[in-house]
Amino acid sequence: MSMGGMMKQFHKASQYMSEKMGGESDKTKMDEEFVEMERKVDLMAKAVSEIMTHTKEYLQPNPTTRAKMNMMNISSKIQGKQRDMKYPQTESILADTMLKFGGDLGESSHFGDAMVEVGESLRQLSEIKDSLDVGVKQDFLDPLQQLLDKDIKEVMHHRKKLSGRRLDYDYKRKKGTKVPQEEIVQAEQKLEESLELADMSMFNLLSGDVEQVSQLAALVETQVEYHRQSTDILEALHEKLQERISNINSQPPRERKARQMQAGMMGDTPQDQSPVNTGPSTPKITSDPLPPIPVAKPPQQPSVRGLYLFEAENEGELGFKEGEILTLISQIDENWYEGMNDDGDTGYFPVSFVEVLVPLPN
């Protein structure tokens, strides 16, 4: 920075401190309409920022998962992969459980068949929830981010420049004859130029109501489509379940068959197979020690056993087979564990898919 630039910064700081110490009576003030526009711009910037934050919370309620996904997305971008993770929808987790146990019960169970139908519908709900996330991001969040990064940022730049030139002008004007008149005139001209730019940028921003309202309409339209598709899926499922209930009620009740014990089940020995009685015999007494009873050694470190097959669909998840033992590292939240397999691979997996053998220390 040149000497002149350093002096200008010093003058601005001096004027700023003077005003803070109670010397605002001689301060150059903007008209009420300009001040009102500044207030509205500040409110708009705050509103856009908070709306974006809470919209993401609405789409992805789990804060731990959001943080994990954000970290992995950043890591992917650093590595040049540019791959966005999908948020694990709760409908998908419940669908996997329904399909798993419904299949295990088999087609002979009405309850099992019904669970499979519900699981398939939940899987469809999960897919349209993913579409909702994508639609809201493209049609609502991305335009708001652009508004924040471009239009509002430009307005804040002009207002900051206006504030600096106003301090410079007031400092030189207050010094009077100590500052050359041409410097005061030049400072006033720059102040007027910044005032015009700031006023025009704020006016243009506040005049974009149609664009902002259109973005809100896009948000609502995306939600309407999501709820319409969800209603169609759930109504079709409800109709299937009601039809299944009617079919069950129309069938004759099952009769319980009396069970009879088969020969040999009670441990009786047939007469023709009884051993030959050779007379009383004296039992043989031995002092040899009994062999030790083998005791399975439980895992010494926090671990879990896979209850079902879990296939990793997203980056950062750890897949495993049914019955596989995993070492527990930490519990992310009430739905997810972090663990490691025997090969040293680490990742995240759902709590409902495993059985805890040795719990994590409190």
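For the structure, see preceding data.
Residues numbered from 1 in each chain as written. Predicted model: local features only at pLDDT ≥ 70, side-chain atom pairs only at ≥ 80, totals over all residues. Heavy atoms only, no water.

Draft legend 1. Quick look at helix H6 (residues 181–206). Along its 26 residues, H6 runs 37 Å from first to last C-alpha, staying within 8% of the 38 Å computed at 1.5 Å per residue. Restricting attention to buried positions, one finds in H6 the residues Ile184, Ala187, Leu191, Ser194, Ala198, Ser201, Met202 and Leu205. The inward-facing, buried residues of H6 contact helix H2 (32–59), helix H5 (110–175) and helix H7 (209–250). (Helix = DSSP H or I, 4+ residues; strand = E, 2+ residues; numbered from the N terminus. Expected span 1.5 Å × (residues − 1). Buried < 20%, exposed > 50% of the residue type's maximum accessible area, 1.4 Å probe, protein only. Contact = heavy atoms within 4.5 Å.)

Draft legend 2. The arrangement of the nonpolar core in detail. In this structure, Val48, Val136, Ile152 and Leu205 are the most contacted members of the largest nonpolar core, which totals 34 residues. The element that contributes the greatest number of residues to this core is H5, accounting for 14 residues. In this structure, Tyr308, Tyr337, Phe349 and Phe353 belong to the second largest nonpolar core, which totals 11 residues. (Core = buried A, V, L, I, M, F, W, Y, C linked by side-chain atoms within 4.5 Å.)

Draft legend 3. Layout of the pairing of strand S3 (residues 336–340). A large share of S3 lies buried, amounting to four of its five residues. Where strand S2 (residues 325–331) meets S3, four bridges bridge the pair, whose relative direction is antiparallel. When the bridges of S3 are listed, Gln331 appears paired with Tyr337. Counting the residues in the hairpin turn of S2 and S3 gives four residues. (Pairing = 2+ DSSP bridges.)

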